[in-house]
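Structural characterization, general
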Amino acid sequence: MQFPNLMPIAATDAAVRWNSLYNFLLGISVFFFVLVIGAMILFIIKYRAREGAKTFYFRDHHFLEACFIAIPTILLLGIFGWGYSVYNSMMRPPADALEIHVIGKQWLWQFQYDNGRTTIGNLYVPLNKPVKLIMTSQDVIHDFFIPNFRVKSDVVPGMYTSVWFEARVPGEHQVFCGMYCGTSHSQMLAKLVVLNDQQWAEFQRGKKIGPQPDARLNLAAEDTTADPSEAQAATIEPVSLATQGRAVFETKGCVSCHSAGDPTHGGANIGPSLAGIFGKNAALQDGQTIRRDESYLRQVIEQPQSHLLKGYQQSVMPTFKGLISETEMNSLIAYIKSLK
Ligand SMILES: [Cu+2]
């Protein structure tokens, strides 16, 4: 069953699977609604109170009881299994997914790419390639919502949440903030622009990409004036995000305590070496083991005491809370991830 005019287009494989499940649930609800209400109306008429009619007494029909238990159980477990499979595929990005950093702030969306480019309001992604968004907020809780992809996740200050997708439909897709976040919440919009291989290569090289056709309406988008941040990015040769992070590592003084397994960075050893730590487990002083993901790195940098490593009685690492901006934090994390 399809309801093309009620639903946004399904622009990823996951969205197509999501739609099938949704339509199945809708279909099964309509089926049981008609069955139950239909039977009720029929019985009201057929068995209405009449002179001399005696109610038939009926009990202990084991076969019927077994059906009442088995059919809903099988049906609901089936729906659970189906839902779990769709959910799981939407929650687990492939390891080779392209990572893009998203920062939400009152009231705009900012995007940082591996190649060092930053855009505001327009998120550029390649066609038919898995993309993982690593998202955080600079102020209040926002929510990144791409209806055409059926992708939606809260964007929370102080931590990273992520979503992933593989766009199948080129052109522009609307992005909304799905969390009421203050007066201009309704203006907190973005366009997700899916570029073909050639356009993506140009974007990677720093070229400005013009307005793309609206993916839903299939019409050419109106020629809006270009975002100044993009025009700038087009003229400045981008420096990769990790390289930007290396500069932050130096200016914020991390380099005076940490070796980065990078010969040009000296052999500071007040703190542990940060080479190759990303994705590995850390043993903490309090006996816990924790995976070193983006949120871990951020928490250590902001509150070193909260994740004291095993073997350290007390951390001499100062807190950097409030001293590193969100964009710097993203580049710093990209740098630590790049260390082998
Ligand atoms: Cu918002």
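In this text, all values refer to a predicted model and were calculated from it rather than measured experimentally.

**What about unusual backbone geometry?**
- Of the consecutive residues Q106 and W107, the connecting peptide bond is found in the cis state with omega at 0 degrees.
- By the secondary structure assignment, W107 is in the loop between β1 (98–105) and β2 (108–113).
- The backbone of N128 shows a phi angle near 55 degrees, a positive value even though the residue is not glycine.
- Tracing the chain through its elements places N128 in the loop between β4 (122–126) and β5 (130–137).

**Focus on the confidence of the model for the protein**
- In this model, the protein carries an average pLDDT of 86, and 89% of its residues clear a pLDDT of 70 or more.
- The low-confidence segment residues 217–235, where pLDDT is below 50, has 31 contacts with residues more than four positions distant or belonging to other chains.

**Structural notes on the pairing of strand β7 (residues 151–155)**
- Where strand β6 (residues 142–146) lies against β7, five bridges are found, and the strand directions are antiparallel. Within β7, the position partnered with F144 by the bridge is S153.
- In textbook terms, the turn of a hairpin is the stretch between consecutive antiparallel strands, and for β6 and β7 this stretch comprises four residues, one of which, R150, has a positive phi near 55 degrees.

**Overview of the sheet that holds β5**
- With respect to topology, five strands assemble into an open sheet ordered β3-β2-β1-β5-β8, the strand pairing being mixed. Sheet topology places β3 (118–120) and β8 (161–166) at the edges, where each strand pairs with a single neighbour. With strand direction ignored, the average angle separating the axes of adjacent strands in the sheet is 25 degrees.
- Two elements, β1 and β2, share six bridges in a ladder whose sense is antiparallel. The residue bridging K105 from the neighbouring strand is L108, located in β2.
- Docked against the sheet, helix α7 (residues 326–338) engages β1, β2, β3 and β5, running at close to 160 degrees with respect to β1.

The rules behind each value
- Residues numbered from 1 in each chain as written.
- Predicted model: local features only at pLDDT ≥ 70, side-chain atom pairs only at ≥ 80, totals over all residues.
- Helix = DSSP H or I, 4+ residues; strand = E, 2+ residues; numbered from the N terminus.
- pLDDT = per-residue confidence, 0-100.
- Contact = placed C-beta atoms within 7 Å.
- Pairing = 2+ DSSP bridges.
- Axes fitted to C-alpha atoms, helices over the stretch in contact; angles between N-to-C directions.

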